[in-house]
Amino acid sequence: DCRLIVLLKDPVVRTLSGYLHHIAHGSLSPNSTVFDAPLQLGLIALSRYGWHLRHWLATFPAEQLLVVPDPGSTDPRKLLARVTVFLGIASDHSFIDAEQVIYEGLRRRLDGSGLWVTVGQHRLESLEMIQRPCPIVERESATEARLVDPAEIDQLRAMLRADTSDFAALTETYGWTDPAFDCWRSWPGRH
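Here is what the cut-offs are and how they apply
- Residues numbered from 1 in each chain as written.
- Predicted model: local features only at pLDDT ≥ 70, side-chain atom pairs only at ≥ 80, totals over all residues.
- Heavy atoms only, no water.
- Helix = DSSP H or I, 4+ residues; strand = E, 2+ residues; numbered from the N terminus.
- Buried < 20%, exposed > 50% of the residue type's maximum accessible area, 1.4 Å probe, protein only.
- Contact = heavy atoms within 4.5 Å.
- Salt bridge = Lys/Arg side-chain N within 4 Å of Asp/Glu carboxyl O.
- Core = buried A, V, L, I, M, F, W, Y, C linked by side-chain atoms within 4.5 Å.
- Pairing = 2+ DSSP bridges.
- Axes fitted to C-alpha atoms, helices over the stretch in contact; angles between N-to-C directions.
- Expected span 1.5 Å × (residues − 1).
- Polar contact = N/O pair within 3.5 Å; in protein donor to acceptor, adjacent residues only side chain to side chain.

What follows concerns the overall build of the chain. The secondary structure content of the chain amounts to 5 helices and 6 strands. Listed N to C, the secondary structure of the chain is β-α-α-β-α-β-β-β-β-α-α in terms of helices and strands. Taking all 191 residues of the chain together, 43% fall into the buried category. Counting contacts in the chain only where the partners sit at least 6 residues apart, residues at least 24 apart contribute 65% of the total.

Right, let's talk about the pattern of salt bridges for a bit. Considering all chains together, one arrives at 6 salt bridges under this definition. The salt bridge involving Arg-82 is made with Asp-178; its shortest N-O contact spans 2.7 Å. One end of the pair, Arg-82, is in helix 3 (residues 76-87); the other, Asp-178, is in the loop between helix 4 (150-174) and helix 5 (179-182), and 96 residues separate them in sequence. Residue Asp-178 is classed as buried on the basis of its relative accessible area, which comes to 9%. For Arg-139, the salt bridge identified is with Glu-144, shortest N-O distance 3.9 Å. The class of Glu-144 is buried, set by a relative accessible area of 5%.

With 25 residues, the main nonpolar core has Tyr-19, Leu-20 and Leu-147 as its most contacted residues. Those elements that place two or more of their residues in this core are helix 1 (11-24), strand 4 (114-118), strand 6 (142-148) and helix 4. When residues of this core are assigned to their parent elements, the largest contribution, 6 residues, is made by helix 1. Sequence-distant contacts of Leu-20, defined by excluding residues within four places in its chain, comprise Leu-106, Arg-108, Leu-115, Val-117 and Leu-147. Leu-8, Leu-57, Ala-62 and Trp-176 belong to the second-largest nonpolar core, a separate cluster that totals 14 residues.

Our focus in this paragraph is the sheet that holds strand 4. Pairing within the open sheet is antiparallel, and its 4 strands lie in the order 3-4-6-5. The open sheet is flanked by strand 3 (108-111) and strand 5 (136-139), the only strands paired with a single partner. Averaged over all neighbouring strand pairs, the angle between strand axes comes to 30 degrees, with direction disregarded. Across the face of the sheet, helix 4 comes into contact with strand 3, strand 4 and strand 6 while running at roughly 45 degrees to strand 6.

In a regular helix each residue adds 1.5 Å, so 14 residues correspond to 20 Å; helix 1 covers 20 Å between its end C-alpha atoms and thus fits that length. In terms of residue burial, helix 1 counts as a mostly covered element, since 12 of its 14 residues are buried. Of the positions making up helix 1, those classed as buried are Pro-11, Val-12, Arg-14, Thr-15, Leu-16, Ser-17, Gly-18, Tyr-19, Leu-20, His-22, Ile-23 and Ala-24. Looking at the packing, one finds that the buried side of helix 1 touches helix 2 (49-59), strand 3, strand 4, strand 6 and helix 4. At the N-terminal boundary of helix 1, the capping side chain belongs to Asp-10, with an oxygen 2.8 Å from the backbone nitrogen of Val-12. Just downstream of helix 1 lies Gly-26, where phi reads positive at about 80 degrees.

Below you can see the structure in the form of structure tokens.
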């Protein structure tokens, strides 16, 4: 009888977030690339949503699953309203703290020039901690190091593209569609 809520973010963003999570918690060095990470960390494997959902569907009926985008990629109040309907509980809450961040992780910037992380944070206290070549910039009175370049992000997209197409098919089949998921399907044209 359980109800399962699956919160998903763009699989490439999730992979990069996992990469920074492991750096922040000391299980991965900032000198390792996202592709150097040990397989047991699951950086890429955990981002294969189609594969995982097919296994969940082999055990649980689709009616027991609610697959939604993470609060950072959609309106959190609408997301919470969908969850309350799915759970069959009263939705008369105003969700005042719906946008409250619990754990922000390492401060970062992800754009067309790569994934940049602010130096001076836990496990990335100084530039000396980064022994591999990577660009450094001063931006808004902070030092940023690019730990993932655009070519690596494109490589991640290519690695996850088939699974993301499978995930898209599942969302259509089971009615888990959401505008936040649609942008994942446009990767070939994204930069």
